[in-house]
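Spelled out, the chains give:
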Amino acid sequence: MLGDDLKSLLDGALREIGTADAEGLEALRVSLLGKNGSVTTLLKSLGGMDPEARKAAGTQINLLKTQITDAISARRATLDEAALAARLAAERIDVTQPPRPEPQGAIHPLSRTTEEIAAIFGAMGFAIKDGPDIESDWNNFSALNIPAHHPARAMMDTFYLTAQPNERPAVLRTHTSPVQIRTMLNERPPIRIIVPGRTFRADHDATHSPMFHQCEGLVIEEGITLAHLKGCLSDFLSAFFGVPNLPVRLRASYFPFTEPSMEVDIGWSRKTGEIGGGTDWLEIGGSGMVHPNVLANCGIDPRKYQGFAFGVGLERITMLKHGINDLRLFYESDVRWLRHYGFSPLTPASLHEGI
Ligand code: PHE
């Protein structure tokens, strides 16, 4: 039991604590329990008492202190809870409310083409590879049987990067073919890969951009022939353009890294633009049987293994498929263009004709 003085101190304190707000509560705590607070002062006064009186008063003052401390904690808990409840009520969100109409994003036609190619070749057992935009001169040219000073280097309008005195020369890759080399140096046959990616040439007009995209293909196995090349390309092009039995023509050509070499043409109508209709031909890429020198450069025995390679221009086939007539629009990031030619992210690329 507390003496009357302490009792009235306690009653007064409890009354004030019971109605204090957060700030008031802190002030009360300081005035009661702080360094110079009334309860603290009482505790200090114990020092001057004789042992008997100290014992009795000590018990009472400590009881008083405990009751005040508990009351402050209880009030603080009540205030915290009320504050949280108020915040929850104020910040309530209605999860059933329909979202603000946001413009939907779209998949860029080149990304879409890449996805479709991956789906079609994936079904034929090809893996997807990539390589760096900055290539060594050796991977981009020499290993592909294009020696220094060969006219093919000039033909490709190469961007050269300035080399430091002891550095090997580097270029922005002019085609995806260096990934043939990277793959053959690191993997043994059988090899079946496609390589979609960025390529660079110093060229700029309505049909050429200094940065553009290609997709390389490479197959190295025993007993691979030109018939496999033509079959594979025909299946791919039919599936990609959604035209069964699309006419595909291989036209003799020259690339240093294939022998024999062929341009790949598809049938179309110049008049109507219809793919697979009409009697005209349109070039969409290069191809050939991998040159024995290239295999040997990568430590693959050309007497045991053969293979084919091809390179297709991604902008070219995308423009043809979707009737896009200016190459430069691919890179302008014009939202109106993208909305017109882009694809919904919710309808993924599929194999049109099935493989
Ligand atoms: N790399 C060639 C080009 O960019 C295309 C090609 C690839 C030709 C593979 C033959 C074999 O023109």
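How each quantity is defined
Residues numbered from 1 in each chain as written. Predicted model: local features only at pLDDT ≥ 70, side-chain atom pairs only at ≥ 80, totals over all residues. Heavy atoms only, no water. Helix = DSSP H or I, 4+ residues; strand = E, 2+ residues; numbered from the N terminus. Rg over C-alpha atoms; globule rule 2.2 N^0.38 Å. Buried < 20%, exposed > 50% of the residue type's maximum accessible area, 1.4 Å probe, protein only. Contact = heavy atoms within 4.5 Å. Areas by Shrake-Rupley, 256 points an atom, 1.4 Å probe, with all protein chains shown as cover. Lys, Arg positive; Asp, Glu negative; His and termini not counted. Charge placed at Lys NZ, Arg CZ, Asp CG, Glu CD. Pairing = 2+ DSSP bridges.

### Some words on the overall build of the protein chain
A tally of helices and strands in the protein chain yields 12 helices and 10 strands. For the protein chain, whose C-alpha radius of gyration is 40 Å, the value lies well above the compact-globule estimate of 20 Å for 355 residues. Seen along its three principal axes, the alpha-carbon backbone of the protein chain occupies a region of about 115 × 55 × 40 Å. When the 355 residues of the protein chain are sorted by exposure, 41% land in the buried category. Relative to all contacts within the protein chain whose residues are 6 or more apart in sequence, the contacts with residues 24 or more apart total 66%. By element, 55% of the accessible surface of the protein chain is carried by carbon and sulfur atoms, the whole surface being about 19,600 Å². Side chains of the protein chain carry 35 positive and 42 negative charges; the gap between the two charge centres is 2 Å.

### Here we look at the pairing of strand β10 (residues 306-313)
For β10, the tally of buried residues reaches seven of eight residues, placing the bulk of the element in the interior. Two elements, strand β6 (residues 211-221) and β10, share eight bridges in a ladder whose sense is antiparallel. Bridge pairing in β10 places Gly217 opposite Phe310. Bridging between strand β9 (residues 280-290) and β10 involves five bridges; their strand directions are antiparallel. Within β10, the position partnered with Gly288 by the bridge is Ala309.

### A word on the sheet that holds strand β3 (residues 160-161)
Read across the sheet, three strands follow the order β2-β4-β3 without closing on themselves; strand pairing throughout is antiparallel. Of all strands in the sheet, those bounded by a partner on one side alone are β2 (134-136) and β3. When β3 meets strand β4 (residues 170-172), the two strands line up antiparallel, connected through two bridges. Bridge pairing links Leu161 to Ala170 in β4.

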